[in-house]
Amino acid sequence: TKNNGRNGYNFFQPSMNTLAQSQLQLNNDLWQALDNDELRLFYQPKYCAPRGPIIGFEALLRWQHPTRGLLTPDKFLPMAEKTGMIVNIGNWVINEACRQLHSWHLQGHPHWSVAVNLSALQFEQCNLVETVTTALTQHQIPAELLTLEVTETTAMRDPEESVRILTELTNMGVKASIDDFGTGYSSLLYLKRLPASELKIDRAFVNELQAKSEDATIVSAIVALAQSLDLKVVAEGVETEEQQAFLTGLGCNSLQGYLLGRPLPPDRIGELPEFVGVL
Ligand code: C2E
Ligand code: CA
Ligand code: CA
Ligand code: CA
């Protein structure tokens, strides 16, 4: 038997297949990662279109694994979603993002905002409001500087409930953003009722802008829809000058992508140009 340090004992049977065993190991390691401060937030800049400045960052989770190196979320978040540990991790993310905001304040950037991604489980968890309030209070952060990104799919799972949760959060002053927009199936009726301030166009559409004319049509339609609902539009995954020009021309409010800046650890944020026009 092996003590996993939190849930008591896991029994490794010789008959257990190696996949299940490695999943179990990953699960144990992830609990330890939380305890041992191995989780990191990287920050990707969001620039005001068309030429900057930086308006804020999206916090993206990484795991500095002791033997496997720096892991991206696809390597460990799916399992954390399955076991429910995503809620503990997500709470750590909210607190860490607020801690970072405070430190940017002290460094002379009181207007930078941070967007954190919420998993479906975390979004539906009953003490989300309390977690957010505590983090904001503890680090003395104005609520307006925190954005919560909820995917379209999560928001539409139970639209009535999503309206209720987001209303409670946005009443506190926190901003809400509908992430991965275009990949789910939105009821326009609920989209109109969600108290979000922004839509994020999924990278998949931006990716194919030049290659596929139907994607250009979809992106134009999304921007028009957002504008008619009085939502700001963020385009993610901007990798080329052509995409930047096209999206700016459509009226996207802010841009995010490798062309403008990759996700970086906080100590490397100083390498970013303040204005994209400087590029
Ligand atoms: P997302 O929310 O759609 O985040 C955007 C992803 O696209 C990030 O991948 C980012 O690094 C990547 N990206 C940004 N610009 C570009 C670009 O120009 N080109 C390309 N090819 N990729 C770009 P990452 O960091 O691997 O995160 C993947 C997903 O993991 C995120 O997708 C989000 O759904 C999830 N995630 C990340 N951090 C958290 C977190 O703290 N909590 C939760 N619940 N989910 C998270
Ligand atoms: Ca996101
Ligand atoms: Ca996306
Ligand atoms: Ca996503």
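What you see is a predicted model; the values in this text were computed from it and never measured.

Basis of the calculations
- Residues numbered from 1 in each chain as written.
- Chains lettered and ligands numbered in written order.
- Predicted model: local features only at pLDDT ≥ 70, side-chain atom pairs only at ≥ 80, totals over all residues.
- Heavy atoms only, no water.
- Helix = DSSP H or I, 4+ residues; strand = E, 2+ residues; numbered from the N terminus.
- Rg over C-alpha atoms; globule rule 2.2 N^0.38 Å.
- Buried < 20%, exposed > 50% of the residue type's maximum accessible area, 1.4 Å probe, protein only.
- Contact = heavy atoms within 4.5 Å.
- Areas by Shrake-Rupley, 256 points an atom, 1.4 Å probe, with all protein chains shown as cover.
- Lys, Arg positive; Asp, Glu negative; His and termini not counted.
- Charge placed at Lys NZ, Arg CZ, Asp CG, Glu CD.
- pLDDT = per-residue confidence, 0-100.
- Phe/Tyr/Trp six-rings, centres within 6.5 Å; stacked < 30°, edge-to-face > 60°.
- Near = heavy atom within 4 Å.
- Polar contact = N/O pair within 3.5 Å; in protein donor to acceptor, adjacent residues only side chain to side chain.
- 1 Å grid on protein atoms, 1.4 Å probe; cavity = no way out; pocket = protein on both sides within 12 Å on 5 of 7 lines; lining within 4 Å.
- Sits in = over half its atoms within 2 Å of the grid points.
- Nonpolar A, V, L, I, M, F, W, Y, C, P; charged D, E, K, R; others polar.
- Donors = N, O, S within 2.8 Å, 3.2 Å for Na, K, Ca; no water.
- Salt bridge = Lys/Arg side-chain N within 4 Å of Asp/Glu carboxyl O.
- Axes fitted to C-alpha atoms, helices over the stretch in contact; angles between N-to-C directions.
- Parallel < 35°, antiparallel > 145°, perpendicular 65-115°, else oblique.
- Left-handed = near helix turned anticlockwise from the far one by under 90°.

Structural notes on the overall build of the chain
Okay, so step 1: What the chain contains, in helices and strands, is 11 helices and 11 strands.
Okay, so step 2: Over its C-alpha trace the chain gives a radius of gyration of 20 Å, about what one expects of a compact globule, namely 19 Å for 279 residues.
Okay, so step 3: Reported as C-alpha extents along the three principal axes, the dimensions of the chain are approximately 60 × 40 × 40 Å.
Okay, so step 4: A buried classification covers 49% of the 279 residues belonging to the chain.
Okay, so step 5: Look at the contacts in the chain between residues 6 or more apart in sequence, and 65% of them connect residues 24 or more apart.
Okay, so step 6: With the model as given, the accessible surface of the chain reaches about 13400 Å², and the carbon-plus-sulfur share is 52%.
Okay, so step 7: If you average the places of the 21 positive and of the 32 negative side-chain charges in the chain, the two averages end up 3 Å apart.

Focus on the confidence of the model for the chain
Okay, so step 1: Mean pLDDT for the chain: 92, with 93% of residues reaching 70 or above.
Okay, so step 2: Taken together, the chains of this predicted complex give a pTM of 0.93 and an interface ipTM of 0.97.

Some points on the packing of aromatic side chains
Each aromatic ring pair is summarised here by two numbers: the centre-to-centre distance and the angle between the ring planes.
Okay, so step 1: The full count for this structure, using the stated rule, is 6 aromatic pairs.
Okay, so step 2: A centroid spacing of 4.9 Å and a plane angle of 75 degrees characterise the contact between Phe 57 and Trp 112, whose relative ring orientation is edge-to-face. A residue pair is termed long-range when its members are at least 10 positions apart, and Phe 57 in strand β4 (residues 54–65) and Trp 112 in the loop between α3 (85–106) and β6 (113–118) qualify at 55 residues. An identical accessibility class is assigned to Phe 57 and Trp 112; each is buried.
Okay, so step 3: Among the aromatic residues, those joined into a cluster by ring pairs are Tyr 43, Phe 57, Trp 104 and Trp 112.

So, the site of ligand 1
Okay, so step 1: In the vicinity of ligand 1, 21 residues are found, and the nearest of them are Gln 44, Arg 62, Asn 117, Glu 239 and Tyr 258.
Okay, so step 2: Gln 44 is positioned with one of its side-chain polar atoms (N or O) 3.0 Å from a nitrogen atom of ligand 1.
Okay, so step 3: For ligand 1, an oxygen atom lies 2.8 Å from a polar atom in the backbone of Tyr 258.
Okay, so step 4: Bound to the protein, ligand 1 loses 83% of the 800 Å² it would expose on its own.
Okay, so step 5: Judged by the proximity of its atoms to the pocket grid, ligand 1 belongs to the largest pocket.
Okay, so step 6: Contributing elements (two or more residues each) for the shell around ligand 1: β4, β6 and β8 (175–181).
Okay, so step 7: The biggest single contributor to the shell around ligand 1 is β4, with 4 residues.
Okay, so step 8: When grouped by side-chain class, the residues that make up the shell around ligand 1 number 9 nonpolar, 5 polar and 7 charged.

A few points about the coordination of the calcium ion (ligand 3)
Okay, so step 1: The coordination sphere of the calcium ion (ligand 3) contains the protein donors Asp 180 (OD), Asp 202 (OD) and Glu 236 (OE), at a distance range of 2.1 to 2.5 Å.
Okay, so step 2: Between the calcium ion (ligand 3) and the calcium ion (ligand 2) the interatomic distance amounts to 5.6 Å. Pair noted here: Asp 202 is in the loop between β9 (198–201) and α9 (203–207) and Glu 236 is in the loop between β10 (232–235) and α11 (241–250), with a separation of 34 residues, a long-range link. For the residue pair Asp 202 and Glu 236, the accessibility class agrees, reading buried in each case.

Regarding the pattern of salt bridges
Okay, so step 1: Counted by the stated rule, this structure contains 10 salt bridges.
Okay, so step 2: The shortest N-O distance in the salt bridge between Lys 46 and Glu 198 comes to 3.4 Å. With Lys 46 in strand β3 (residues 39–48) and Glu 198 in strand β9, the pair connects residues that are 152 residues apart, well separated along the chain.
Okay, so step 3: With a relative accessible area of 6%, Lys 46 lands in the buried category.
Okay, so step 4: Its relative accessible area of 11% is what places Glu 198 among the buried residues.
Okay, so step 5: Here Lys 200 and Glu 58 are joined by a salt bridge, their closest N and O atoms 2.9 Å apart.

Notes on the coordination of the calcium ion (ligand 4)
Okay, so step 1: Listed as protein donors to the calcium ion (ligand 4) are Asp 180 (OD) and Asp 180 (OD); their distances from the metal cover 2.5 to 3.2 Å.
Okay, so step 2: Metal-to-metal, the separation of the calcium ion (ligand 4) and the calcium ion (ligand 2) is 4.7 Å.
Okay, so step 3: One can find Asp 180 in strand β8.

Things to note about the packing of α3 against helix α5 (residues 128–138)
Okay, so step 1: The N-to-C vectors of α3 and α5 enclose an angle of 25 degrees; their axes lie 9 Å apart at closest approach. Our classification of the angle between α3 and α5 gives roughly parallel. The handedness of the crossing between α3 and α5 is right-handed. Contacts between α3 and α5 involve Asn 91, Ile 94, Asn 95 and Cys 98 on the former and, on the latter, Leu 128, Thr 131, Val 132, Ala 135, Leu 136 and Gln 138.

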